[in-house]
Amino acid sequence: MADLKKLNESIISGDLDTSVQITKEALAEKTDPQEIIQKYMIPAMDVIGGKFERNEVFVPELLMAARAMKGSLDLIRPLLAERGIEPQGRVIIGTVKGDLHDIGKNLVASMLEGSGFEVDNLGVDVPSDKIVAAVQSKKIDIVALSALLTTTMPSMKGVIEALKEAGVRDKVKVIVGGPAVTQEFCDQIGADGYSENANGAVDLVRKLLAS
Amino acid sequence: MRTTGIQELLKSRSLLFCDGAWGTIFQSAGLKPGESSELWNRDKRKKVLEVAQSYVDLGVDMIETNSFGGNRITLAGSGLENDAAELNRIAAEISREAAGDKCLVLGSVGPTGKILMMGDVSENEMYDAFAEQVHALKQGGADAICIETMTALDEAELAVKAAVENTDLEIVCTFTFAKTVGGDYKTVMGVTPAQMAEKMLSAGASIIGTNCGNGIEAMIPVVKAFRSFNEDVPLLVQANAGVPKIENGKTVFPETPDEMVSHVPDLIDAGVSIIGGCCGTTPAHIIAIMINNGIIPAL
């Protein structure tokens, strides 16, 4: 029997090889892929995310865990697709026009992906029209925007305006983050949510999708 | 008179001063979001020289160069990777022109923006990028290399190593720390001041310190942490003027020169050796600190 408790532990400790090994065993034994994700993998990301938020671990540990999680997910995803099981939500994420910083944004993307969301990472320096086009062309629930610089934060407002102009603002929830971004700024530009860190972003997306 | 270096200066004076921010001043002068400030070295040399000159004229002991994002990995984001050597060389030439023999020039080297463990770049690529940058900064006339705003030990170690192996200059290295939930200070990668000091000194840095962060007050406990690890190493602190906010569409840094000055005595008590500024600071901040410490007479 595949040791699924150990799968949970190996994701928390960022052990990619063990995570992949156990996932393969579990799938070979015809364990329900949904159960593997919901009962063992997502709770692991919740644990490491909580540790990150409490500063018990830092970026390297979070990235290692996310990588182990992704290694397992890559094996499971095709099976979910075969069975027509939908992801928990669909997210597009990007650093706004004029801003080339991608570490924080990638951290949020990894955490969301590891928590069961389908994440399309559009990269850095992403123009508004690219985001609008993505929202128009496929089913998207959440648009996540990142900016490190105060000089590029106004581009977040630009994205929201562009979504309005294209008539698709109500189709999605827009969330924002970055070192100088605050709840006040989020409210000012008419975004739907803000989180201070990558773990908080997961909770925020869950909350927004439930509402 | 030109001296041989920072450590030489510190033999006769216990407190030295360096410049404040450049990038945020360029933003006020029209640098657009996404525009590479290093490109200004070639295209708007006069504006860069003006900023350098504004700090030299204060009588500081050292100024930096406009090359923070000048490694080829970062420049690739603006399609300028093949201009890296040229832009760094000019950066040092501009600061040298402003400094003359009056003050030292520290060649600024910032992080690449990549995390080694993610595998986006290899150790060799990162080393080569830093080696190219420090070599060009030396060619342009830098007296020292200032590896700054680092958070990861592996990346900073490669940068220091590249400076040791490709130049004969003094090496300064600063990390950016933030207060954790537990109350101590670590980088986002989880590095403590003591860990940083140990690794960077053994890699070949002779001056260490901290920059950016959350304003000058938060630098005091970091300096104390460094000092409890090592009593003698020269410590550089370049605080930003607090965490920026957007007010009426404009970026505002909350700390005034007077507020910065008010924390300097505690910073000196903690054991700082060199004081300068980071994002949001201006010549006005630096001059206020210098006046307050009797370096230059009040107007």
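Being a predicted model, the structure only gives us computed values, none of them experimental. Sequence order sets the numbering: in each chain, residues are counted from 1 along the sequence as written. Throughout, the order in which chains and ligands are written sets their labels, letters from A for the former and numbers from 1 for the latter. Whole-chain, interface and lining totals are the exception, using all residues; otherwise, since this is a predicted model, local features are given only for residues with pLDDT of at least 70 and side-chain atom pairs are given and counted only at 80 or more.

### Looking at the sheet that holds strand 5 (residues 170-175) of chain B
All names here are of chain B. Two strands pair if DSSP finds at least two bridges between them. Segments assigned H or I by DSSP are reported as helices when at least four residues long, segments assigned E as strands when at least two residues long, and all are numbered from the N terminus. Taken together, the eight strands give an open sheet; going across it, the order is 1-12-9-8-5-4-3-2, and neighbouring strands pair in parallel fashion. Sheet topology places strand 1 (16-17) and strand 2 (62-64) at the edges, where each strand pairs with a single neighbour. Sheet analysis places strand 3 (residues 104-109) next to strand 4 (residues 144-150), joined by four bridges and oriented parallel. Bridging across to strand 4, Val109 finds its partner in Ile147.

### Structural notes on the domain arrangement of chain A
Residues and elements named next belong to chain A. A domain assignment, automatic or from a database, supplies the domain bounds used here. On domain assignment, one finds that chain A holds domain 1 (4-82) and domain 2 (90-210). Taking only C-alpha atoms, the centre of domain 1 and the centre of domain 2 are 25 Å apart. Counting residues at the interface gives 13 residues for domain 1 and twelve residues for domain 2. Within the residue set of the side of domain 1 that touches domain 2, elements represented by two or more residues are helix 3 (33-53) and helix 4 (59-82). Broken down by element, the residue count for the side of domain 1 that touches domain 2 peaks at seven residues, all from helix 3. Working definition of a contact: two residues with C-beta atoms, positioned from the backbone, lying within 7 Å.

### Remarks on the interface of chain A and chain B
Residue-level contacts link 23 residues of chain A with 20 residues of chain B. Counting residues per element, the ones that place at least two in the side of chain A that touches chain B are helix 4 and helix 7 (154-165) of chain A. In terms of residues, the side of chain A that touches chain B owes the most to one element, helix 4 of chain A, which gives three residues. Just so you know the grouping, Ala, Val, Leu, Ile, Met, Phe, Trp, Tyr, Cys and Pro go in nonpolar, Asp, Glu, Lys and Arg go in charged, and all remaining residues, Gly too, go in polar. A per-class count over the side of chain A that touches chain B returns eleven nonpolar, seven polar and five charged.

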